[in-house]
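Tertiary structure, described
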Amino acid sequence: MLRRSSCFHALGENATGWEQVVPALAHSRRVYALDLRGHGRSDWPGDYSLELMRADVLQFLDALGLGHVDLIGHSMGGIVAYLLAQDHPQRVSRLVLEDVSVPRPREPSTPTRPDGDLTFDWEMVLAVRRQIDQPDSRWLERLSQITAETLVVAGGPRSHVPQDGVAELARRIPGGHMVTIPVGHLIHNAAPEAFTEVAAAFLLTEENVRPARQL
């Protein structure tokens with residue numbers, strides 16, 4: 001049976017950011033790259049949360065009749081992916097989480113709106129940043145309920161994301177494994193071949209028991 005994967009982008013990005021890696025991943029599966037709500041060509045309804053994004057994805061899967069899928073999520077998209085895997089473990093076979101940190105409170109900061117027209121709703125940025133700064137405590141507690149085989153891809157010391165938090169995320173998910181590709185936060189853009197190599201190998205392997213390694 002043809003496997004299926006859905007890709008979720010980072011905050012302020014959109015589905016086009018996956019263009020460098022989707023063709024390689026699509027050799028073995030059907031790949032869906034989504035614009036999450038408030039981004040790109042999806043609706044900008046003015047009502048935003050990571051939980052609503054999770055619900056949108058579930059509706060998308062239901063609309064296409066996709067019983068279970070593999071999920072690939074970068075940064076914010078990785079949070080959406082693991083929230084779905086927590087709430088609906090029977091729908092998620094494998095997870096690839098790209099440079100995503102464990103959900104812990106952090107010092108809030110107010111981002112500055114870029115000049116000009118945006119490809120995303122600025123109100124969405126503010127709402128999501130508040131949630132990432134002060135995440136629901138249940139997100140951390142329920143990482144242990146994820147049943148999907150999980151690969152965490154870390155960006156290494158060039159990433160602005162605390163790498164100890166990325167490593168902790170991999171440890172807290174049962175069956176979680178971590179690989180480091182030390183190119184910074186935008187791994188699949190900065191090193192698309194390395195990213196697709198590790199992601200495709202993980203997604204195609206039936207038993208993904210392997211040690212963490214450095215590329």
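The shown structure was predicted, so the numbers you read here are calculated from the model rather than taken from an experiment. Along every chain, residues carry numbers that run from 1 in the direction the sequence is written. Selection of residues for local features in this predicted model requires a pLDDT of at least 70, selection of side-chain atom pairs for listing and counting requires 80 or more, and totals for whole chains, interfaces and linings are taken over all residues. Excluding hydrogens and water, the side-chain values take into account all heavy atoms of the structure.

Things to note about the overall build of the protein
A tally of regular secondary structure across the protein gives 8 helices and 7 strands. As defined in this context, the radius of gyration uses C-alpha atoms, and a globule is described by 2.2 Å times the residue total to the power 0.38. In summary, the protein has a C-alpha radius of gyration of 16 Å against a globular reference of 17 Å for 215 residues, a match within 12%. Along the first, second and third principal axes, the C-alpha set of the protein runs to 45 × 40 × 30 Å. Accessible areas in this description were obtained via Shrake-Rupley with a 1.4 Å probe; residue shielding takes into account the shown protein chains only. Summed over all atoms, the accessible surface of the protein reaches about 10100 Å², with 50% contributed by carbon and sulfur. Taken as two groups, the 21 positive and 27 negative side-chain charges of the protein have centres that lie 4 Å from each other. The helix and strand labels rest on DSSP assignments: H or I over at least four residues marks a helix, E over at least two residues marks a strand, and numbering proceeds from the N terminus. Positive: Lys, Arg. Negative: Asp, Glu. His and the chain ends are not part of the count. Where a charge lies is defined by one atom per residue type: Lys uses NZ, Arg uses CZ, Asp uses CG and Glu uses CD.

As for the environment of Gly 67
Along the polypeptide, Gly 67 turns up in the loop between helix H2 (50-63) and strand E3 (69-74). A simple rule labels every residue: compare its accessible area, found with a 1.4 Å probe on the protein chains alone, to the largest value its type can have, and call it buried under 20%, exposed over 50%, or partly exposed in between. Owing to a relative accessible area of 43%, Gly 67 belongs among the partly exposed residues under this scheme.

Quick look at H2
Given the number of residues in a helix, its expected span is that number minus one, multiplied by 1.5 Å. For H2, with 14 residues, the first-to-last C-alpha span of 20 Å sits near the 20 Å given by 1.5 Å per residue. Every buried residue of H2 is accounted for by Leu 50, Met 53, Arg 54, Val 57, Leu 58 and Leu 61. Viewed along the axis of H2, the buried residues span an arc of 140 degrees, placing them on a single side of the element. Across from the buried face of H2, at angles greater than 90 degrees, the exposed residues are Gln 59 and Ala 63. Should any heavy atoms of two residues lie within 4.5 Å, those residues are counted as being in contact. Among the structural elements, strand E1 (3-8), strand E2 (29-34), E3, helix H3 (76-87), helix H4 (122-133) and helix H5 (137-141) are those in contact with the buried residues of H2. At the exit of H2 stands Gly 65, carrying a positive phi of roughly 70 degrees. This arc corresponds to the set of directions leading from the helix axis out to the C-beta atoms.

What about the pattern of salt bridges?
Salt-bridge detection follows one rule: a side-chain nitrogen of Lys or Arg within 4 Å of a carboxyl oxygen of Asp or Glu. A complete count under the given rule lists 10 salt bridges for this structure. Glu 168 is paired through a salt bridge with Arg 104; the nearest N and O atoms lie 2.4 Å apart. Residue Glu 168 is located in helix H6 (residues 163-172), and its partner Arg 104 is located in the loop between strand E4 (92-98) and H4; the two are separated by 64 residues in the primary sequence. For Glu 168, a relative accessible area of 14% corresponds to the buried category. Here Asp 136 and Arg 138 are joined by a salt bridge, their closest N and O atoms 2.7 Å apart. Here Asp 136 falls in the partly exposed class, since its relative accessible area comes to 24%. The exposed category is assigned to Arg 138, whose relative accessible area is 51%. Put simply, Arg 3, Arg 29 and Asp 70 are held in one network by salt bridges that share partners.

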